[in-house]
Amino acid sequence: MPPPPTQSLILSFEDARRAVEQHAAQAVPGAEETLDLLRAAGRVLAEPITADRDIPPFPRATRDGYAVRTADLATLPAKLRVIGEIKAGPLPGHVPSTLNRGEAFSIMTGAPVPPGPDAVVMVEYTSLQGDSVEITKSVTPGENIVAQGAEAKRGSLLLDRGTWLNEAAIALAASVGRSRLQVFVRPRVAVLTTGDEIVEVEAELGPTQIRNSNSYSLAAQIQEAGGEPVLLPIAPDEPRRLRQLIEQGLQSDLLIMTGGVSMGRYDLVEQVLAERQAEFFFTGAKIQPGRPAVFGRVPYSSCGAGALAREGASAPLSHKYFFGLPGNPVSTMVTFELFARPMLEALAGMSPRPLTFLHVRLKSEIHIKTGLKRFLPAILSGAYEESQAELVPWQGSGDIAARARANCYIVIPPDREHILAGEWVAVMLR
Ligand code: AMP
Ligand code: MG
């Protein structure tokens, strides 16, 4: 019996991306665990972090110099009597609690500014003469002082659940005394490669066989995006075994397949998923590379597909999301970035973030056919504000070597045919 045909649903890039984002917003992240601060770097925070005290906890001098009353600097140069020195650390007992007219404290960066002075003059604009200091530059009230609580008030939210813990977030957690953090457990992402020609990396090769590289590029991308890759055996272009392996893949939190989603006679992934009652949100996107990318979900019960059939419609239904990415290696890499990453990040507990492109000057002109949004391997070169990008010559979306020479993608809108050198173009980094 022929398998049920799947209806084709080809979306623009933006609509396809929106479909993923909408479903990602409903994804439920998994379990949580507590980790030491340093091990939590690169993970996703599962608890809110609040300020345990005002930040800064005291008015903090931001320069080495003299703490003064700005009123005393009305005429310059001004000569003030130095009545004490304040350094970072505990306030020495002999520091007077206030300043009288014509007086100043010598003060160091990071030291608490006592009541009395209302600004700090940088040491560069002063000269010490005995126990007096001559000041040659005026300051405005508050200059070179960060007021107590100006960065955050005690109890206020510093990092929300869902924050990706980069170095700044780790520093902030450290600064409020958190040596352990509650984070989300990494979601497990099954990787299923399909194709009769595909063999494992270490296998003896026949002349027309192709080594499996997609499972490895995907695993690397999954790890980098905060997931735990689970590599399944290679599926042949044969429905029975493919069905078995898909079922195995659905035990993970997300299933990413590669290959078998094009229009060929042996591209069986969509058919097998359709038999498994899949709901397809798109079966293609108007992009290149990566046009045949598929996104959907299947009803899933942890008791297995058989249990689902027996339970009928009244049973509480949960779903597993899947992506069917095209098998051409560059297409696989691009479509992971564009579509699978936001779903994986959501399952990892991350708050959603928009996909952003940067703009740089095009180094050499591009001629391209219209109709598809292109994400073409390119090299970002130049330096600093003079950065520029140019396409890497390639043989199409199977050309892993070209992709490996690239360090970004140039993003070309579907209506552009000819882009001149020197024009601004969008690039997607990685
Ligand atoms: P498909 O999407 O199955 O039509 O495959 C498209 C192209 O990608 C074919 O040339 C495949 O041989 C190649 N391909 C598919 N899967 C992989 C893989 N896992 N590693 C490397 N190349 C692959
Ligand atoms: Mg194939």
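Each remark here, short or long, concerns the structure printed above.
This report concerns the structure included in the present document. Since the model is a prediction, treat every value here as computed from it, not as a measurement.

Of the regular secondary structure elements, the chain holds eight helices and 30 strands. Here the C-alpha atoms of the chain give a radius of gyration of 30 Å, more than 25% beyond the 22 Å that 2.2 N^0.38 yields for 430 residues. C-alpha atoms of the chain, sized along the principal axes, occupy 100 × 55 × 40 Å. When the 430 residues of the chain are sorted by exposure, 46% land in the buried category. Only carbon and sulfur atoms are counted for the fraction: they give 53% of the accessible area of the chain, which is about 21500 Å². Averaging the locations of the 42 positively and 47 negatively charged side chains of the chain gives two centres separated by 2 Å.

It is worth spelling out the pairing of strand β26 (residues 373–381) at this point. Taken together, the two bridges between strand β21 (residues 287–288) and β26 define a ladder with parallel strand orientation. Counterpart to Gln288 in the pairing with β26 is Arg374. Taken together, the five bridges between β26 and strand β28 (residues 408–412) define a ladder with antiparallel strand orientation. Bridged to Ala378 within β28 is Cys408. Here β26 runs beside strand β27 (residues 388–391); their pairing, made up of four bridges, is antiparallel. The partner of Ile379 across the bridge, within β27, is Glu390. Connecting β26 to the antiparallel partner β27 that follows it, the hairpin turn spans six residues, and Gly382 within it adopts a positive phi of roughly 80°.

We now examine empty space enclosed by the protein. Tallied over the full model, the rule gives one cavity of 30 Å³ or more. If you add up the space inside the largest cavity, you get close to 40 Å³. If you go around the largest cavity, the residues you meet are Gly42, Arg43, Val44, Phe184, Val185, Arg186, Gly226 and Ala348. Split into classes, the residues belonging to the lining of the largest cavity amount to four nonpolar, two polar and two charged.

Looking now at the site of ligand 1. Ligand 1 sits among 15 residues. The nearest are Thr193, Glu197, Asn212, Gly260 and Gly327. In the model, a nitrogen atom of ligand 1 is placed 3.0 Å from a nitrogen or oxygen of the Ser213 main chain. Interatomic distance of 3.2 Å between a backbone N/O atom of Asn328 and an oxygen atom of ligand 1. For ligand 1, whose accessible area on its own is 490 Å², the fraction buried by protein is 79%. When grouped by side-chain class, the residues that make up the shell around ligand 1 number three nonpolar, nine polar and three charged.

Rules used throughout
Residues numbered from 1 in each chain as written. Chains lettered and ligands numbered in written order. Predicted model: local features only at pLDDT ≥ 70, side-chain atom pairs only at ≥ 80, totals over all residues. Heavy atoms only, no water. Helix = DSSP H or I, 4+ residues; strand = E, 2+ residues; numbered from the N terminus. Rg over C-alpha atoms; globule rule 2.2 N^0.38 Å. Buried < 20%, exposed > 50% of the residue type's maximum accessible area, 1.4 Å probe, protein only. Areas by Shrake-Rupley, 256 points an atom, 1.4 Å probe, with all protein chains shown as cover. Lys, Arg positive; Asp, Glu negative; His and termini not counted. Charge placed at Lys NZ, Arg CZ, Asp CG, Glu CD. Pairing = 2+ DSSP bridges. 1 Å grid on protein atoms, 1.4 Å probe; cavity = no way out; pocket = protein on both sides within 12 Å on 5 of 7 lines; lining within 4 Å. Points joined across faces, edges and corners; volume = space filled by probe spheres on them. Nonpolar A, V, L, I, M, F, W, Y, C, P; charged D, E, K, R; others polar. Near = heavy atom within 4 Å. Polar contact = N/O pair within 3.5 Å; in protein donor to acceptor, adjacent residues only side chain to side chain.

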